[in-house]
Amino acid sequence: MNQLDTLIHMANQIADNNSHFGTQEEAAIRVAAHLKKFWARSMKQQIITYLQQDGSNLTPLAQTAITQMQASLRPEPAGLCG
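First, a word on what this report is: a plain description of the structure on this page. Bear in mind the structure is a predicted one, so any value in this text is a computation, not a measurement. (Residues numbered from 1 in each chain as written. Predicted model: local features only at pLDDT ≥ 70, side-chain atom pairs only at ≥ 80, totals over all residues. Heavy atoms only, no water.)

## Focus: the packing of aromatic side chains
Here the distance between the centres and the angle between the planes together describe a pair of aromatic rings.
Inference 1: The final tally for this structure, using the stated rule, is zero aromatic pairs.
Inference 2: Positioned above the aromatic ring of Phe-21 is the side chain of Arg-30, whose terminal nitrogen or guanidinium carbon lies 3.6 Å from the ring centre. (Phe/Tyr/Trp six-rings, centres within 6.5 Å; stacked < 30°, edge-to-face > 60°. Lys NZ or Arg CZ within 6 Å of the ring centre and 35° of its normal.)

Okay, structure coming up:
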């Protein structure tokens, strides 16, 4: 198993382990938070790139969580105030 395969497997396992927490949306939030907190930047970038290019081996919950994680990693545009 190469590193990307390992990351895919891990993301799917984390998603499976959290799939019973509330709705799918709530579960995706939990998975995204886990990935953001515990995965190295390089790991996050690899799985995001994989999702953008293919993503077919990720479960739907893992795909949603990675999309959410990606959005939360984007820096806020400069000069915009709430």
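## Section: the packing of helix α1 (residues 3-18) against helix α4 (residues 60-73)
Inference 1: In contact at an axis separation of 8 Å, α1 and α4 are set at 100° when each is read in the N-to-C sense. With respect to their mutual orientation, α1 and α4 come out roughly perpendicular. Between α1 and α4, the residues in contact are Ala-11, Asn-12 and Ala-15 and Leu-61, Ala-62 and Ile-66, respectively.
Inference 2: Its residues placed into classes, the contact of α1 with α4 shows five nonpolar, one polar and no charged. (Axes fitted to C-alpha atoms, helices over the stretch in contact; angles between N-to-C directions. Helix = DSSP H or I, 4+ residues; strand = E, 2+ residues; numbered from the N terminus. Parallel < 35°, antiparallel > 145°, perpendicular 65-115°, else oblique. Contact = heavy atoms within 4.5 Å. Nonpolar A, V, L, I, M, F, W, Y, C, P; charged D, E, K, R; others polar.)

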